[in-house]
Structures are given as C-alpha cells and as structure tokens.
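Descriptive structure summary
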Amino acid sequence: MRREDLADADCGIAQALGVLGDWWTFLIVRDVAGGTTRFDALQRELGVSRRALTERLGALVEHGVLERQPYSRHPPRYDYLLTAKGEGLLPVLIALQDWGTRHLMGDGELTATADAGSAEARRAHDLIGRRLPEAVLPGPDGQAVSVAATGAWSVLYLFPGAYAPGTQGYPPAWSEIPGARGCTLESTTYAKRHPDFQAAGVRVYGISTQRPDQLADFSAYAGLTFSLLSDQDGRLAAGLLLPVFRAGGMTRFKRLTLLVDPQAVVRAVQFPVTDPAGSVEEMLMLVREHARIPG
C-alpha cells in the first residue's frame, strides 16, 4: 500500500498513520504535550531541520491535531497547542512509552517499579529542572486542580491504585506485581504527616489514573485530609513521560514522588520508591532541605 492510499483505507490504524506518518511527527506531539510549544524550542529539542519541522507542524495543524495561538504579532510567532483531537493521542504516546520501556529497554516482565540504575529511573530523575505541563486534573469533589499553577511548594505522589473495601478494585494477581502493593500505606502515612507538610507551607496531592469517584471512595475510607487527583486522561503522564505499567485493563503509574517549587519546577524526584511509608519521611526531609524550612 502506498502512503498516499492510507487516508482512503477502511482501517483506523491506516487512517491514523496517514496523519502520523513518521517518527518525527510522534516526537513533535510528545514534546508539545510536555510544554515545548514554540518553533525554535521544538527545533532545538528535536534537532530536526527547519524545513522538516515546518512541514510537519503545518500538517498537524491542517489535520486539527495542533492549533496555532499567536504570542507575537511583529514578527508573527505562534505557540503550537494540542487540540481536543490532539489530546486524544495522549494514550497512544503513553502506550508506546510503556511498550518501549517494557519490551525494548526491559525484559518484558510486568512490574510496577524499576531498577535504580535503569534507563527508566534515569529518565525520571531527569525531570529535575523541568516545569510541569499545563495539566488540569479533577479531584474527588469534581473540582479541577491545575498542578502547574500551585504558587507554593507541592508534593505530588503518584501511585498505582488504591481502593476502598467493598468497591470494584484491585485486578487479579495485583499482589504478585512487583512494586504494586503499598498504596494505602503510603496514603495513610502522608495523612499522618500532613500537618507537618502544612506547617512547612507545602501542599500534598496524591495522583493516580483511577476515576475521580474511585478516589473519592478511597479518600473517605482512608480519612485523607488532602486531595487525590485523577490523571485518567493521561495529561500528566504523557506530558512528563512518567513511568507506567498496565494492569487490570488500564494504564497505571509506577510509584513516584515529585517535589515541585512555587514556579511549578520539579526540584526533587523519588523513584523507584521501594518503601512507601519511609518515602514520606524522606520527602519531608527533602522539603525542609529544598524549601529551607526549619525542621
């Protein structure tokens, strides 16, 4: 099949490849999702020629994946932003990231954690110095929270999944997945130490890919005094290329914690997290060190 015939095919995969026809296009969408939205910055990050980048950005705008938003009139300059159609590609990026990490960089085994010296761990720690993407995540009460507009120091702990007893919850063989267990312990430890984080002027958010109603049930059961946020649409996961795995038919975060400054820049990363309760105490020490708050 010739490339020009793909758009007329009756297969959704073929039609999608008619729009996302080469690897540069996927990388452009990846970087725009991560907050790199201007031409010069995209060219610098990708190392692609100006002509090739111009052609691919134009095609993505033509197909409604990206939209141009002017930020300068003289000379004319634009931010390239994902449309709703473009955001529909986020699960595709996450799936590619998971597949590549598990089957190309890993041994193919299902795991909710990583080795400390792995490429996945290096990528996670390379988030230090990165600004959070403009991700707005719903909480259990239905109120949306912009994680990139905190105005204060924040701790974001990402966890695989936690469920209230008696609700549809953990998939089969959950306890056999390395690193999956410990979400309830981690959350209740953060709840116990929450007054110390508050005293330090630091907000705490727990984030998973679960639905908001599931998080609301768990929050009520565990008696949490801080918000749990849902990244069920993958905005934060795709924006930061966060470590994930699939279990129970859904993509889930591997356990990871970020310390974020008032400008939404990541200042410290915990990954892998092998001691869910101990990581809370370690994060409190990191808060006091980075925010220069007395212990």
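The structure contained in this document is the topic of the report that follows. Owing to the predicted nature of the structure, the values given are computational and were not obtained by experimental measurement.

About the thresholds
- Residues numbered from 1 in each chain as written.
- Predicted model: local features only at pLDDT ≥ 70, side-chain atom pairs only at ≥ 80, totals over all residues.
- Heavy atoms only, no water.
- Core = buried A, V, L, I, M, F, W, Y, C linked by side-chain atoms within 4.5 Å.
- Buried < 20%, exposed > 50% of the residue type's maximum accessible area, 1.4 Å probe, protein only.
- Helix = DSSP H or I, 4+ residues; strand = E, 2+ residues; numbered from the N terminus.
- Contact = heavy atoms within 4.5 Å.
- Lys, Arg positive; Asp, Glu negative; His and termini not counted.
- Salt bridge = Lys/Arg side-chain N within 4 Å of Asp/Glu carboxyl O.
- Polar contact = N/O pair within 3.5 Å; in protein donor to acceptor, adjacent residues only side chain to side chain.
- Axes fitted to C-alpha atoms, helices over the stretch in contact; angles between N-to-C directions.
- Parallel < 35°, antiparallel > 145°, perpendicular 65-115°, else oblique.
- Nonpolar A, V, L, I, M, F, W, Y, C, P; charged D, E, K, R; others polar.

1. What about the nonpolar core?
In this structure, Leu 132, Leu 236 and Leu 258 are the most contacted members of the largest nonpolar core, which totals 51 residues. In terms of residues, this core owes the most to one element, helix α2 (residues 23-33), which gives 5 residues. Other than its neighbours up to four places away in sequence, Leu 132 contacts Val 147, Ala 148, Leu 156, Leu 240, Leu 258, Val 260, Ala 264 and Val 266. Judged by nonpolar contacts, the second largest core, of 26 residues, contains Ala 222, Leu 224, Val 287 and Ala 291.

2. A short note on the side chain of Arg 252
Within the fold, Arg 252 resides in strand β9 (residues 250-253). Asp 98 provides the closest opposite charge to the buried, salt-bridge-free Arg 252, at an N-O distance of 11 Å. Among the polar contacts made by the side chain of Arg 252, one reaches the main-chain carbonyl oxygen of Ala 247 at a distance of 2.9 Å. When residues no more than four places from it in sequence are discounted, the contact partners of Arg 252 are Pro 160, Gly 161, Tyr 163, Pro 171, Trp 174, Thr 209, Pro 243, Val 244, Phe 245 and Ala 247.

3. Quick word on the packing of α2 against helix α6 (residues 90-104)
The interhelical angle for the contact between α2 and α6, taken along N-to-C directions, is 105°, at an axis separation of 11 Å. As judged from the angle between their axes, α2 and α6 are roughly perpendicular. Here Phe 26, Val 29, Arg 30 and Ala 33 of α2 come into contact with α6, specifically with Leu 90, Val 92, Leu 93 and Leu 96. Across the contact of α2 with α6, the residue classes break down as 7 nonpolar, no polar and 1 charged.

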